Amino acid sequence: MTARIEHLVTSGEFTLDGGSWKVDNNVWLVGDDTEVIVVDPAHDAEAIEAAVAGRHVLAIVCTHGHNDHVNAAPDLAAGTAGPVLLHPDDTELWQYTHPGMRPDGPLEDGQTLTVAGTELTVLHTPGHSPGAVCLYAPALGTVLTGDTLFAGGPGATGRSFSDFPTIIRSIRERLLVLPPDTVVHTGHGDSTTIGAEAPHLEEWIARGH
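## Things to note about the sheet that holds strand β2 (residues 19-31)
Here is step 1 of the chain: If you trace the six strands from one edge of the open sheet to the other, you get β1-β2-β3-β4-β5-β6, paired in mixed fashion. Looking at the sheet topology across the chains shown, the edges are occupied by β1 (4-16) and β6 (105-106).
Here is step 2 of the chain: In terms of strand pairing, strand β3 (residues 35-39) meets strand β4 (residues 56-61) through five bridges, oriented parallel. Its bridge partner lying in β4, V38 is registered against I60.
Here is step 3 of the chain: Of the strands in this sheet, β1, β2, β3 and β4 touch helix α1 (residues 45-52), which is tilted by about 175° from β1.
Here is step 4 of the chain: Docked against the sheet, helix α3 (residues 73-80) engages β3, β4 and β5 (84-86), running at close to 165° with respect to β4.

Written out as structure tokens, the structure is:
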């Protein structure tokens, strides 16, 4: 059976630098009726586990270490036995949410995860955070961008551990080179395509945030 992408929205709070904001997060499940990879275990482990519906969880991938993308990871791992994966450069952010705990394994640029016969390639795309990654699935015509690229522009870079020139470089060199019809599934909000976002790069740079 060919892999498919399923979508779940969970709600909670994003907390950093002493502030807290209510957010809705996109949780993505990539797989088939037998096995699945969960991308960004946000807020509600019980709801995510219900969406998994007993399938074998090959990995629980955190696109970056902000609390709203990792806060349900340990509980989901406990309930599904899936290993939690995070880029090592976001270990410090992870520790803010889960002090004394560590992810089960690293994500590295160029690493390939395979689920239901479909390959997802890890693209290290720092900027929103040092260890931010995207997952590119060419067979599905899709890239899962976490908070690196949204419909309408790059992810926020106004808080600790983020950098605007770095996220622009990541988007230009790692994402906008993908085929224009590649669907962009984001960490928050609506999906878009590479072709829809590419013409606006210079506008984002001029805006500077």
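Read on, since the account is not over.
## Re the sheet that holds strand β14 (residues 192-193)
Pairing between sheet strands relies on hydrogen bonds along the backbone, with the strands arranged either parallel or antiparallel.
Here is step 1 of the chain: Taken together, six strands build an open sheet; the order of strands is β7-β8-β9-β10-β13-β14 and the sheet is mixed. With one partner strand each, in any of the chains shown, β7 (112-115) and β14 form the two edges of the open sheet.
Here is step 2 of the chain: As judged from the four bridges shared by strand β10 (residues 142-146) and strand β13 (residues 183-186), these two strands associate in the parallel manner. Within the sheet, the bridge partner assigned to G146 lies in β13 and is T186.
Here is step 3 of the chain: Packed on one face of the sheet, helix α5 (residues 164-175) meets β8 (118-124), β9 (133-137) and β10 and runs near 145° to β8.

## Quick notes on the pairing of β2
Here is step 1 of the chain: Relative to β2, β1 runs antiparallel, the two sharing 13 bridges. Of the residues in β2, the one forming a bridge with I5 is V30.
Here is step 2 of the chain: Both β2 and β3 contribute to a ladder of four bridges, which runs antiparallel. When the sheet's bridge partners are listed, V30 is paired in β3 with I37.
Here is step 3 of the chain: Turn length for the β2-β3 hairpin, with the two strands adjacent in sequence and antiparallel, is three residues.

## Here's the deal with the environment of P106
Here is step 1 of the chain: You can see P106 is positioned in strand β6.
Here is step 2 of the chain: Residue classification places P106 among the partly exposed positions, given a relative accessible area of 40%.
Here is step 3 of the chain: Separated by 15 residues in sequence, P106 and T91 place their C-alpha atoms 9.8 Å apart.

## A short note on the nonpolar core
Here is step 1 of the chain: Formed by 20 residues in total, the largest nonpolar core has its most connected members in V27, V38, C62, V84 and W94.
Here is step 2 of the chain: Among the secondary structure elements, those contributing two or more residues to this core are β2, β3, α1, β4, α3 and β5.
Here is step 3 of the chain: Apart from the residues within four sequence positions on either side, C62 is in contact with D40, P41, H69, V70, A73, V84, L85, L86, W94, L107 and V133.
Here is step 4 of the chain: W28, L85, L107 and L144 belong to the second largest nonpolar core, which has 18 residues in total.

## Overview of the state of the cysteines
Here is step 1 of the chain: One pass over the full model with this rule turns up zero disulfides.
Here is step 2 of the chain: Of the cysteine sulfurs around C62, a residue in no disulfide, the closest is that of C134, at 14 Å.
Here is step 3 of the chain: For C62, a relative accessible area of 0% translates into the label buried.
Here is step 4 of the chain: C134 gets classed as buried once you look at its relative accessible area, which sits at 0%.

## Some details on the packing of aromatic side chains
Here is step 1 of the chain: For the structure shown, the criterion picks out two aromatic pairs.
Here is step 2 of the chain: Here the aromatic rings of Y96 and F161 are separated by 6.0 Å at their centres, their planes lie at 70°, and the arrangement is edge-to-face. Here Y96, found in helix α4 (residues 91-97), pairs with F161, found in the loop between β12 (153-154) and α5; they are 65 residues apart in sequence, far enough to count as distant.
Here is step 3 of the chain: Just above the ring of W21 sits the side chain of R159; from NZ or CZ to the centre is 4.2 Å.

## Side note on the side chain of D68
Here is step 1 of the chain: Looking at where D68 falls in the secondary structure, it is placed in helix α2 (residues 67-70).
Here is step 2 of the chain: Of the side chains bearing the opposite charge, R159 lies closest to the buried D68, which forms no salt bridge; the N-O distance is 8.5 Å.
Here is step 3 of the chain: A polar atom in the side chain of D68 sits 3.4 Å from the side chain of H188.
Here is step 4 of the chain: For D68, the contacting residues outside a window of four places in its chain are E13, F14, V23, N25, A42, H43 and H188.

Calculation notes
- Residues numbered from 1 in each chain as written.
- Predicted model: local features only at pLDDT ≥ 70, side-chain atom pairs only at ≥ 80, totals over all residues.
- Heavy atoms only, no water.
- Pairing = 2+ DSSP bridges.
- Helix = DSSP H or I, 4+ residues; strand = E, 2+ residues; numbered from the N terminus.
- Contact = heavy atoms within 4.5 Å.
- Axes fitted to C-alpha atoms, helices over the stretch in contact; angles between N-to-C directions.
- Buried < 20%, exposed > 50% of the residue type's maximum accessible area, 1.4 Å probe, protein only.
- Core = buried A, V, L, I, M, F, W, Y, C linked by side-chain atoms within 4.5 Å.
- Disulfide = S-S within 2.5 Å.
- Phe/Tyr/Trp six-rings, centres within 6.5 Å; stacked < 30°, edge-to-face > 60°.
- Lys NZ or Arg CZ within 6 Å of the ring centre and 35° of its normal.
- Lys, Arg positive; Asp, Glu negative; His and termini not counted.
- Salt bridge = Lys/Arg side-chain N within 4 Å of Asp/Glu carboxyl O.
- Polar contact = N/O pair within 3.5 Å; in protein donor to acceptor, adjacent residues only side chain to side chain.

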